[in-house]
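Below are the chains, spelled out letter by letter.
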Amino acid sequence: PAISVKPFVATDDTLVSFADEVTSDLAKYLDKKDWIDSLIQKNPSDEDYQLIGSINKSGPNFEVDVVLKAPGGKTLWSGHTGGPMSQVALVSDTVGDQVSGQVFLEIMKVRDKYK
């Protein structure tokens, strides 16, 4: 199967480069799994798993919201993480690693259903 990582959307100009880094890190971590191919696509196919996310500023913090959709569009998982804006430049790799780990587990649960 393939997973399309839609470029994460930042709702604040100060988070645009962070959103780009998280998108790249997610594709990198997901691509390390031998059985799945990850692609960064603005317009993913409905036949692929899709990872969609947004990054928002909330006072002194940032929030990352993520949705994993199965082929056909059913939501398999949604998650939320965040941290202080003062650390935003340091954590894209950590966010990518954590989210990709959770996405991997969710796809493993349903993998045979969507072959």
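Please refer to the structure higher up on the page.
Definitions and limits used
Residues numbered from 1 in each chain as written. Predicted model: local features only at pLDDT ≥ 70, side-chain atom pairs only at ≥ 80, totals over all residues. Heavy atoms only, no water. Helix = DSSP H or I, 4+ residues; strand = E, 2+ residues; numbered from the N terminus. Rg over C-alpha atoms; globule rule 2.2 N^0.38 Å. Buried < 20%, exposed > 50% of the residue type's maximum accessible area, 1.4 Å probe, protein only. Contact = heavy atoms within 4.5 Å. Core = buried A, V, L, I, M, F, W, Y, C linked by side-chain atoms within 4.5 Å. Phe/Tyr/Trp six-rings, centres within 6.5 Å; stacked < 30°, edge-to-face > 60°. Lys NZ or Arg CZ within 6 Å of the ring centre and 35° of its normal. Axes fitted to C-alpha atoms, helices over the stretch in contact; angles between N-to-C directions. Parallel < 35°, antiparallel > 145°, perpendicular 65-115°, else oblique. Left-handed = near helix turned anticlockwise from the far one by under 90°. Nonpolar A, V, L, I, M, F, W, Y, C, P; charged D, E, K, R; others polar. Polar contact = N/O pair within 3.5 Å; in protein donor to acceptor, adjacent residues only side chain to side chain.

> Would you explain the overall build of the protein in this entry?
The helix and strand inventory of the protein stands at 2 helices and 6 strands. In the protein, the succession of α and β elements from N to C terminus is β-β-α-β-β-β-β-α. The C-alpha radius of gyration computed for the protein amounts to 14 Å, which stays within 12% of the reference 13 Å derived for 115 residues, consistent with globular compactness. Overall, the protein is about 45 × 20 × 20 Å in size when its C-alpha atoms are taken along their principal axes. Split into buried and exposed, the 115 residues of the protein put 41% on the buried side. A fraction of 61% describes how many contacts in the protein between residues 6 or more apart in sequence connect residues 24 or more apart.

> What is the right way to look at the nonpolar core in this model?
Nonpolar side chains in soluble globular proteins tend to be buried together. Among the nonpolar cores identified, the biggest contains 28 residues, and I3, F8, F18, L51 and V103 are the most heavily contacted of them. What I3 contacts, discounting residues up to four positions off in sequence, is L30, I36, D37, S38, L39, Y49, Q50, L51, L68, V103 and I107.

> Would you mind going over the packing of aromatic side chains with me for this structure?
Evaluation of the coordinates by the stated rule reveals 1 aromatic pair. Look at F18 and F62: their rings are 5.1 Å apart centre to centre, the planes differ by 65 degrees, and that puts the pair in the edge-to-face class. Taken as a pair, F18 in helix α1 (residues 16–31) and F62 in strand β5 (residues 61–69) lie far apart in primary sequence, 44 residues in all. A relative accessible area of 3% means that F18 is categorised as buried. Cation over ring: K28 sits above Y29, and NZ or CZ is 5.0 Å from the ring centre.

> Sorry if this is basic, but what is going on with the packing of α1 against helix α2 (residues 92–110) here?
Geometry of a packed helix pair, given as the angle between the helix axes and the separation of the axes. In the contact formed by α1 and α2, the axes pass within 8 Å of each other and the chain directions differ by 45 degrees. Classified by the interaxial angle, the pair formed by α1 and α2 is oblique. Judged by the twist between their axes, the crossing of α1 over α2 is right-handed. Here F18, E21, V22, D25, L26, K28, Y29 and L30 of α1 lie close against α2, whose contacting residues are S92, D93, V95, G96, D97, V99, S100 and V103. Broken down by class, the residue content of the contact of α1 with α2 amounts to 8 nonpolar, 3 polar and 5 charged.

> What's the story with the side chain of E106 in this structure? I'm lost.
With respect to the helices, strands and loops of the structure, E106 is situated in helix α2. A residue is classified by how much of its surface remains accessible, and E106, at 10% relative accessible area, is buried. A polar contact is formed between the side chain of E106 and the side chain of Q102, at a distance of 2.8 Å. Once residues lying within four places of it in the same chain are set aside, the contact partners of E106 are L68, L76 and W77.

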